[in-house]
Amino acid sequence: MTVDLCPSRHPLDRIVFTGLIKELSGVEKPVPLAIAITGRWIDRHPADLKWLDSLVTAGILSIVWINHSYNHYTGKDVPLKNNFMLAPGTESWTYPDRK
Ligand SMILES: [Zn+2]
């Protein structure tokens, strides 16, 4: 399963993850996930990142982190060719050495 957390300005909805763990841990443990994040999300969600990391350390989740740049833009009505990672101005992630 793949999750893109980048657009969220709200705290992480942990029930999504706890629900997945509850449903899938009987089939595969750790539960494999791929999570797309931006440097901006990391800056704004330190407690959520720490919580996800603790689940990895505990052997509950296996996370492949997907680099979605420092900050990519999204537009509800913007065509896909100019949206998300293809939005003009999206640059590769240089965190933590960004300018
Ligand atoms: Zn993203």
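Please read these numbers as outputs of a predicted model, since none were measured by experiment.

1. Notes on a nonpolar patch on the surface
A contiguous nonpolar surface patch, about 290 Å² in accessible area, is contributed by Leu80, Phe84 and Met85. By secondary structure assignment, the location of Met85 is in the segment after β3 (61-67). The class of Met85 is partly exposed, set by a relative accessible area of 35%.

2. Some points on the sheet that holds strand β2 (residues 31-37)
Pairing within the open sheet is parallel, and its 3 strands lie in the order β1-β2-β3. Edge strands, defined here as strands with exactly one partner in the open sheet, are β1 (2-4) and β3. With strand direction ignored, the average angle separating the axes of adjacent strands in the sheet is 25 degrees. Where β1 lies against β2, 3 bridges are found, and the strand directions are parallel. Among the inter-strand pairings, Thr2 is bridged to a residue of β2, identified as Ala34. Strand contacts of helix α1 (residues 14-24): β1, β2 and β3, with the helix running at about 160 degrees to β2, the strand carrying the most contacts. Sitting on the sheet, helix α3 (residues 46-57) touches β2 and β3, and the angle it makes with β3 is about 135 degrees.

3. Things to note about the side chain of His68
Mapped onto the secondary structure, His68 falls in the segment after β3. Within the local environment of His68, its side chain forms a polar contact with the side chain of His72, the two groups lying 3.4 Å apart. Contact partners of His68, with chain neighbours within four places excluded, come to Asp4, Cys6, Ala36, Ile37, Thr38 and Met85.

Analysis parameters
- Residues numbered from 1 in each chain as written.
- Predicted model: local features only at pLDDT ≥ 70, side-chain atom pairs only at ≥ 80, totals over all residues.
- Heavy atoms only, no water.
- Patch = residues over 30% accessible without salt bridge, like charges linked within 9 Å, V, L, I, M, F, W, Y side chains within 5 Å.
- Areas by Shrake-Rupley, 256 points an atom, 1.4 Å probe, with all protein chains shown as cover.
- Salt bridge = Lys/Arg side-chain N within 4 Å of Asp/Glu carboxyl O.
- Helix = DSSP H or I, 4+ residues; strand = E, 2+ residues; numbered from the N terminus.
- Buried < 20%, exposed > 50% of the residue type's maximum accessible area, 1.4 Å probe, protein only.
- Pairing = 2+ DSSP bridges.
- Axes fitted to C-alpha atoms, helices over the stretch in contact; angles between N-to-C directions.
- Contact = heavy atoms within 4.5 Å.
- Polar contact = N/O pair within 3.5 Å; in protein donor to acceptor, adjacent residues only side chain to side chain.

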